[in-house]
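Next come the chains, spelled out residue by residue.
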Amino acid sequence: METIKLYDDYPYEKEFSAVVVAVKDDALILDQTLFFPEEGGQTPDRGTINGVKVKDVQIDHGVIMHSMEKNAFQVGDHVNGQIDWAYRFSNMQNHTGEHIFSGLAHKHYGYDNVGFHLGDHEMTVDLNGPLDHEQLRALENEVNQAIYENVKVTCRYVGDQDLATLDYRSKKEINEAVRIVTIEGYDVCACCAPHVKRTGEVGLFKIISAMNYKGGVRVSALCGKRALNYLQRDFDHLEILYKLLSANQDSIVKYVTALEEKSRQLESELKQVTSQALESRVQGMHGDPDLILFEQDVETNIQRHIVNEMMEKASGKAGFFVGNDQQGYRYIIGSKHENMQDFLKTFKAIGAKGGGSPQMITGFIKQDQATIASYFQVK
């Protein structure tokens, strides 16, 4: 027998009574429940039954199973359930906000919602068409306008005859009774989840990010208390930056842009100084068939440039190793006189990994300097 879904008719109730009709391992099946299961892209409700934590709620062919932290229940037990109302209401805010957003995207651009996920900390919506920054901002403003208007939200099951004449959205084929959520003037969509009674209860809709996804766009957004918490954290971070940079909302971008440019300039100057210092060291090298250098932190392009300089002076090999004995070394080894691929075969005996040409090889080795140096003819 299917479980009676109390959350359909009483989404604002926080407690309920029920009878245990089956016990399976750690799961309870009740005759009726307020607990919304994991369904339709949304996480399940949280709460307790007779004070015992409900770990998970799943549905299978209309039967709702409550996985319990401890299960000492018996068939026939009369129990009292209590849902985590703050979590339930937050899900309701976010899900209703998503319906408004998806409905407007469909109305203005003809896009379908082809993927939806409402988790504990994020909500994502996948649309099957692209949207740029300006279009997303316009949709965000319009969703919030719908919230300000505080229009009615209704949820009802619709019979086959009425359904055939109804223009509504649906993310998938439905082979059971169809529950329609209508947001007056904004959306009509099939949905199994609890929703708020009026759009004003959504509170706030904020797009957090958007990315190209499978030819369309994946939008990450938050509503209500979750959106407020996110914006408050952002504001706290900005307040710190304002103080550090002696900036305000109008000047922060200018200050950060100037810092970024200064950072690029200093990085370029540092690279130049590093390269010049290494070149000076190479100029002082002489007397050994092989030349070898060890450094902690040098960019690959500078490393390669220095190896080329060393190759001009070496009658054997020129090797530059960047890293340390603990984490290993990124190496570039070259020669105008020896076959580096033949050398690599020998070098691999101590764990070297890499490849290259007869003139130059590159790779990684996790060994100490002394062991590495033993493969070079140096004093």
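Check the entry above for the structure.
Residues numbered from 1 in each chain as written. Predicted model: local features only at pLDDT ≥ 70, side-chain atom pairs only at ≥ 80, totals over all residues. Heavy atoms only, no water.

**Q** Can you help me understand the overall build of the protein chain in this one?
**A** Of regular secondary structure, the protein chain possesses nine helices and 20 strands. For the protein chain, the C-alpha radius of gyration of 32 Å lies well beyond 21 Å, the compact-globule estimate for 379 residues. Taken over the C-alpha atoms alone, the protein chain extends approximately 90 × 55 × 45 Å along its principal axes. Across the 379 residues that make up the protein chain, the buried fraction comes to 42%. (Helix = DSSP H or I, 4+ residues; strand = E, 2+ residues; numbered from the N terminus. Rg over C-alpha atoms; globule rule 2.2 N^0.38 Å. Buried < 20%, exposed > 50% of the residue type's maximum accessible area, 1.4 Å probe, protein only.)

**Q** Would you explain the packing of helix α5 (residues 224-245) against helix α6 (residues 252-283) in this entry?
**A** The axes of two packed helices give the description: the angle between them and the distance between them. Two elements in contact, α5 and α6, have axes separated by 11 Å at closest approach and are oriented at 65°. By the angle class used here, α5 and α6 are roughly perpendicular. In the crossing of α5 with α6, the sense of the turn from one axis to the other is left-handed. When α5 is examined against α6, the residues L241, Y242 and L245 are found in contact with a partner set consisting of I252, Y255, V256 and L259. Classifying every residue of the contact of α5 with α6 by side-chain character gives seven nonpolar, no polar and no charged. (Axes fitted to C-alpha atoms, helices over the stretch in contact; angles between N-to-C directions. Parallel < 35°, antiparallel > 145°, perpendicular 65-115°, else oblique. Left-handed = near helix turned anticlockwise from the far one by under 90°. Contact = heavy atoms within 4.5 Å. Nonpolar A, V, L, I, M, F, W, Y, C, P; charged D, E, K, R; others polar.)

**Q** I'm lost on the nonpolar core in this one. Help?
**A** Side chains of nonpolar character tend, in soluble globular proteins, to be buried together. L30, I49, F101, L127 and F205 are the most contacted members of the largest nonpolar core, which has 53 residues in total. Sort the elements by how many residues they give to this core and helix α2 (residues 85-109) lands first, with six residues. Dropping the residues within four chain positions of it, F205 is found in contact with G97, F101, M123, E140, V143, N144, I147, A221, L222 and C223. Core analysis: the next-biggest nonpolar cluster, separate from the first, contains 17 residues, V307, M310, A314 and V322 among them. (Core = buried A, V, L, I, M, F, W, Y, C linked by side-chain atoms within 4.5 Å.)

**Q** Can you help me understand a nonpolar patch on the surface in this one?
**A** There is a patch of nonpolar side chains on the surface, built from L238, I240, L241 and L244 and spanning about 370 Å² of accessible area. Residue position: L238 is located in helix α5. (Patch = residues over 30% accessible without salt bridge, like charges linked within 9 Å, V, L, I, M, F, W, Y side chains within 5 Å. Areas by Shrake-Rupley, 256 points an atom, 1.4 Å probe, with all protein chains shown as cover. Salt bridge = Lys/Arg side-chain N within 4 Å of Asp/Glu carboxyl O.)

**Q** I'm lost on helix α7 (residues 300-313) in this one. Help?
**A** Side chains that are three or four residues apart share a direction in an α-helix, a result of its 3.6 residues per turn. A rise of 1.5 Å per residue sets the reference length of α7, with its 14 residues, at 20 Å; its end C-alpha atoms lie 20 Å apart and thus fit the reference within 8%. For α7, every residue scored as buried is listed here: I302, Q303, I306, V307, M310 and M311. Along its buried surface, α7 packs onto α6, β16 (291-295), β17 (318-324), β18 (328-334) and β20 (360-365). (Expected span 1.5 Å × (residues − 1).)

**Q** Can you walk me through the packing of α2 against α5 in this structure?
**A** As a packed pair, α2 and α5 sit with axes 7 Å apart at the nearest point and diverge in direction by 90°. As judged from the angle between their axes, α2 and α5 are roughly perpendicular. Facing α2, whose interface residues are Y87, S90, N91, Q93 and N94, α5 presents G224, K225 and R226. In terms of residue class, the contact of α2 with α5 is made up of one nonpolar, five polar and two charged.

**Q** Explanation requested: unusual backbone geometry in the structure shown.
**A** Negative phi characterises most residues that are not glycine, and trans characterises most peptide bonds. Located in the positive-phi region is D25, a residue other than glycine, with phi close to 55°. Within the secondary structure, D25 sits in the loop between β2 (15-24) and β3 (27-30). Taking the relative accessible area as the measure of exposure, D25 reaches 75% and is therefore exposed. Residues other than glycine seldom take positive phi values, yet H61 does so here, at roughly 55°. By the secondary structure assignment, H61 is in the loop between β6 (52-60) and β7 (63-68).

**Q** Would you explain the pattern of salt bridges in this entry?
**A** Pairing is possible between side chains of opposite charge, provided their charged atoms come close. Under the defined criterion, the tally for this structure stands at 16 salt bridges. A salt bridge links K206 to E140; the shortest N-O distance between them is 3.1 Å. A residue pair is termed long-range when its members are at least 10 positions apart, and K206 in strand β14 (residues 205-213) and E140 in helix α3 (residues 133-149) qualify at 66 residues. Looking at K206, the relative accessible area reads 22%, which means it is partly exposed. One salt bridge in this structure joins K271 and E267, with 3.9 Å as the shortest N-O distance. One end of the pair, K271, and the other, E267, are both in helix α6, four residues apart, so they sit about a helical turn from each other. Look at K271 and you get partly exposed, because its relative accessible area is 31%. Several salt bridges share partner residues, and in doing so they unite R137, E140 and K206 into one network.

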